[in-house]
Structure formats: C-alpha cells, structure tokens
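Secondary and tertiary structure notes
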Amino acid sequence: MHVGKKSQKREKSVMSVSLYGNVVFVVIELVMAIATGSQAVLLDAVYDGVEFFMLLPSVFLIPLLYRPSNEQHPFGYMQLETLFVVVKGITMAAVTFGLIFNNIHLMLHGGHIVSFHTIAGFEMFACILSVIVTIYLRIKNKNLHSPLITMELQGWQIDSVISLGMAFAFLLPLMIPFAWFDRVTPYLDQIITILLSVIMIQTPIRTVITGIRDLMLIPPEEETIEDIKKTVEPIIGIYGHKNLYYDIVRTGRKLWISVYITFDKDIVSLSKFKHLQDKCIKALAQKYPDFYFELLPDIEFTGIEEEENTIQKGTG
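All figures in this text were calculated on a predicted structure; none of them were measured in a lab. Just so you know, the residues in each chain are numbered from 1, in the order the chain's sequence is written. Per-residue local features of the predicted model are confined to residues with pLDDT of at least 70, and side-chain atom pairs are confined, for both listing and counting, to 80 or more; whole-chain, interface and lining totals are unaffected and use all residues. In computing side-chain values, all of the structure's heavy atoms are included and hydrogens and water are not.

1. Observations concerning the overall build of the chain
Put simply, the test is: Strands are runs of DSSP state E lasting at least two residues, helices are runs of H or I lasting at least four, and both sets are numbered from the N terminus onward. Throughout this description, buried means an accessible area under 20% of the type-specific maximum (1.4 Å probe, protein chains only), exposed means over 50%, and partly exposed covers the range between. By definition in these notes, contact holds between two residues if any of their heavy atoms fall within 4.5 Å. Note on areas: these come from Shrake-Rupley sampling with a 1.4 Å probe, and a residue is covered only by the protein chains present in the view.
On a plain count of helices and strands, the chain comes out with 10 helices and three strands. Written out in order from the N terminus, the α and β elements of the chain read α-α-α-α-α-α-α-α-β-β-α-β-α. Expressed as a percentage of its 316 residues, the buried residues of the chain come to 45%. In the chain, the share of contacts with a sequence separation of at least 24, taken over all contacts with a separation of at least 6, comes to 74%. In the form shown here, the chain has an accessible surface area of approximately 17,400 Å², with 65% of it arising from carbon and sulfur atoms.

Listed below in structure tokens is the structure:
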C-alpha cells in the first residue's frame, strides 16, 4: 500500500502549523523570560527552541517518505524518518535532563523569586494554546497516522502539562499566604519543573528505544506481531498448511510483512495463492495505513532434490 500525494500535502500542512506554533512560543517565552527574569521560563524557551530547530528539517523530509522503494533503497526512504525520530528523541531527552540539572543548580544557590502572578497568567495562556494545537494535531493525524506528527503531538502535550504545572507553582504563594511558606517560595518553580521533567522524560526515552529497534530491523513490539498473526492466520487456515513463518520489520511508519507458508499438499494453485494474499492485504488494510505484504511458499531443501539430480546425470 502507498499513501497518495494528498496525504503528503496534508501532512506537510499539519507539520507547518506545528512549526509556526513553535516559533510563536519561542518568541513569546524569550520576551517573558527577559521581562520577568524567570529561569524556568527561559529554560522552557530553550526547550521549545530545540524543538523548533529539530522540527524545521522534518518538514522538508516529508516528500522523501513518499518515494517508492527501488533496488538502491529496498525499504524506500522510511528509515530516514526513523533516524530523525531517534535523533529528535535523544535531543529532547538531553534537553530535559539539562532542565533538571539547571533547576537543581538553582535550588542549591537559594532559588529565585519572580513575579508569580504575571508568570502564572502567562503559563495558563501557554497551556491553553498548547491544548488547542494538541487537539488540532490529534484530529488531523487520525487518518494520516504519521510518526512525525505523533512526535509533535507528544511534544505539545508535554508543553501543555508543563505550562499547567508552572502556572500552579506560581499561584501557590497567592493561595498559601502564610509566613512558614515564605521559605519554600524561592524553590517552587524548580521543584515543580523537576517533578514534571522526571515524568515527561519517559516519552522521548520510549521513542528512542522504539526507533533504535526499527533501525536495527528488529521485529516491532509483541502486541503488533500478535495482532498481525491474529489477522492473517484465520484467512490462511482455511486452505490448510503445516507451518507459518513470519518476517516482520518496521521502518518509520511502514510495516514490511512477509509470511512464508508450507502447504499440506505438494501442488499449489497460483490463482488461489494470489486470492489468499489479496484477502490478507484487505484484512490488514483495515488496521494498518501503510504496509507491504507478501505471502510466499516456504520451499524446504530435503536432500532428495540432490539425489534426483545425481540420478539424472548418471542416466544421461
């Protein structure tokens, strides 16, 4: 199966919206960081800045992903997408770790007091804007199933949660007006940022692990393999077989599925074999947007063939 040019244009359009959204965020956060002197907002701006520079080449990468496979590129250009996702995941994980260490450094040096109500209002605005972009990306990606858009969707989700956490942190001094809380006030934004970072670091790490598996052509997660087997085996089982062997890999958004089948009978009708493959493709198409499927007879070498060749040569 191949995705059409309309999907390519839609995906590029959706990614452009995310790109422009990142530009707006970076500019606003830098201005707010300078105006308030908040290190947390500055770190958020750096985080989104890295996101922007990683997103920029991905928009130009999209046309390559729709080129068909050939002899020089038997898997097409899909692994470029996987490589990009891995690099982006590593970068985002590194930035998140940097954010944690910077906030620990701030705490060790007495924290930092800023205009709490101003930053709380800004972070609430940032949260609402992130949620709007997240909903937009989720709706648009329902039919596209793009890993690049999925990565952006995860990034905007992280931004919305972090912004909400920051807004809550900066509102605490106004919600808890007690003398004993004054000692905690300088460390509030650092504590909340560290906790959120520890929670959110799981997403880029998981992305990197999955991407490395795909780059090394290791079979995808067990859930995907089992789902493919449950889809294919009831169809093939009708015709009778002795054994099935699966060869499944994933490159970017595309699944490459090869099923080797050993039939009970020695003679196989090519027309029935093609019909069987078409039924498998139709069933898989209902679950997977982009895949390649082939059903192949598993021809075993038993040694009898060599004996027959020797006899023929001797009688010839």
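Having seen the model, we can carry on.
2. Regarding the packing of helix 6 (residues 188-200) against helix 7 (residues 202-215)
Operational definition: Helix axes are fitted to C-alpha atoms over the stretch in contact, other axes to C-alpha atoms as well, and angles between N-to-C directions run from 0 to 180 degrees. Angle categories are assigned with fixed cut-offs, so that under 35 degrees is roughly parallel, over 145 is roughly antiparallel, 65 to 115 is roughly perpendicular, and the rest are oblique. Only Asp, Glu, Lys and Arg are considered charged in this grouping, and only Ala, Val, Leu, Ile, Met, Phe, Trp, Tyr, Cys and Pro are considered nonpolar; every other residue, Gly among them, is considered polar.
Helix 7 packs onto helix 6 with a crossing angle of 25 degrees between their chain directions and a minimal axis gap of 5 Å. One finds that helix 6 runs roughly parallel with respect to helix 7. Between helix 6 and helix 7, the residues in contact are Val198, Ile199 and Met200 and Gln202, Thr203 and Pro204, respectively. Of the residues that constitute the contact of helix 6 with helix 7, the class distribution is four nonpolar, two polar and no charged.

3. Here we look at the packing of aromatic side chains
Basically, it comes down to this: For this analysis, a ring pair means two rings from Phe, Tyr or Trp (six-membered ring only for Trp) whose centres lie within 6.5 Å, classed as stacked if their planes differ by under 30 degrees, edge-to-face if by over 60, and tilted for the remaining angles.
Using the criterion set out here, one finds four aromatic pairs in the structure. Ring plane angle 75 degrees and centroid distance 5.3 Å describe the contact between Phe25 and Trp156, whose orientation is recorded as edge-to-face. You can see Phe25 sitting in helix 1 (residues 5-36) and its partner Trp156 sitting in helix 5 (residues 147-175), a full 131 residues away along the chain. Among the residues examined, Trp156 registers a relative accessible area of 2% and is labelled buried.

4. Description of the side chain of Thr185
Here Thr185 shows up in the loop between helix 5 and helix 6. With residues up to four places along the chain from it excluded, the contact list for Thr185 reads Phe116 and Pro173.

5. Let's talk about the environment of Tyr246
Formally: Side-chain atoms alone can form a polar contact between residues adjacent in sequence; in general such a contact is a pair of N or O atoms within 3.5 Å, and within protein one must be able to donate a hydrogen while the other accepts it.
With respect to the helices and strands, the residue Tyr246 is situated in strand 1 (residues 241-251). You can call Tyr246 buried: its relative accessible area is 14%. For the pair Tyr246 and Ser258, spaced 12 residues apart in sequence, the C-alpha separation works out to 5.9 Å. Those residues in contact with Tyr246, other than ones at most four positions away along the chain, are Lys229, Val232, Glu233, Ser258 and Val259. Engagement of the side chain of Tyr246 in a polar contact is seen with the side chain of Glu233, the distance being 3.0 Å.

6. As for the nonpolar core
The condition is simple: Grouping buried Ala, Val, Leu, Ile, Met, Phe, Trp, Tyr and Cys residues that are joined through side-chain atoms within 4.5 Å yields what is termed a nonpolar core.
Among the nonpolar cores identified, the biggest contains 21 residues, and Ile236 and Phe293 are the most heavily contacted of them. Within the residue set of this core, elements represented by two or more residues are helix 8 (222-237), strand 1, strand 2 (254-263), helix 9 (270-285) and strand 3 (291-297). Core analysis: the next-biggest nonpolar cluster, separate from the first, contains 20 residues, Ala40, Val114, Ile119 and Ala120 among them.

7. Side note on a negative patch on the surface
Our working rule: Here, patches come from residues exposed beyond 30% relative accessible area and free of salt bridges, joined within 9 Å for like charges and within 5 Å for nonpolar side chains (Val, Leu, Ile, Met, Phe, Trp, Tyr). Whenever Lys or Arg places a side-chain nitrogen within 4 Å of a carboxyl oxygen from Asp or Glu, that contact is recorded as a salt bridge. A positive count includes Lys and Arg, and a negative count includes Asp and Glu. His and the chain ends are not counted in either. For the purpose of locating charges, the reference atoms are NZ of Lys, CZ of Arg, CG of Asp and CD of Glu.
Together, Glu222, Glu223, Glu226 and Glu233 give the surface a local cluster of negative charge. Position of Glu222 relative to the elements: it lies in helix 8.

8. Considerations on the pattern of salt bridges
Side chains that differ in charge, positive against negative, can pair when their charged atoms come close. Scanning the model with the defined rule gives three salt bridges in all. Across the salt bridge formed by Glu221 and Arg250, the nearest N and O atoms sit 2.9 Å from each other. Taken together, the residues Glu221 in the loop between helix 7 and helix 8 and Arg250 in strand 1 connect sequence positions 29 residues apart. Among the salt bridges present, the one from Asp227 reaches Lys287, with a minimum N-O distance of 3.2 Å.

9. Focus on the environment of Glu221
Given the relative accessible area of 30%, Glu221 is considered partly exposed. Taking the C-alpha atoms as reference, Glu221 lies 10.0 Å from Arg250; in sequence the two are 29 residues apart. The contacts of Glu221, once residues within four sequence positions are left out, are Arg213 and Arg250.

10. A word on helix 6
We count it as follows: Multiplying 1.5 Å by the helix residue count minus one yields the expected span of that helix.
In this model helix 6 runs 18 Å from its N-terminal to its C-terminal C-alpha over 13 residues, within 8% of the 18 Å that 1.5 Å per residue would give. Where helix 6 is concerned, the buried positions are Leu188, Asp189, Gln190, Ile192, Thr193, Ile194, Leu196, Ser197 and Met200.

11. Overview of a nonpolar patch on the surface
Where nonpolar side chains cluster on the molecular surface, the patch consists of Phe97, Phe101, Ile104, Leu108, Ile205 and Ile209 and spans about 590 Å² of accessible area. Among the secondary structure elements, those contributing two or more residues to the nonpolar patch are helix 3 (78-108) and helix 7. Ranked by residues supplied to the nonpolar patch, first place goes to helix 3 with four residues. By the secondary structure assignment, Phe97 is in helix 3.

12. Remarks on the packing of helix 8 against helix 9
Packed helix pairs are specified by the crossing angle of their axes together with the interaxial distance, meaning the distance between the axes. Stated formally: By convention, the crossing between two helices is left-handed when the near helix turns anticlockwise from the far helix through less than a right angle, and right-handed when the turn is clockwise.
Taken N-terminus to C-terminus, the directions of helix 8 and helix 9 make an angle of 145 degrees; their axes are 10 Å apart at the nearest point. Judged by the twist between their axes, the crossing of helix 8 over helix 9 is right-handed. Across from Ile228, Thr231, Val232, Ile235 and Ile236 in helix 8, the residues of helix 9 making contact are Leu276, Lys279, Cys280, Ala283 and Leu284. A per-class count over the contact of helix 8 with helix 9 returns eight nonpolar, one polar and one charged.

In short, geometric facts, not functional conclusions.
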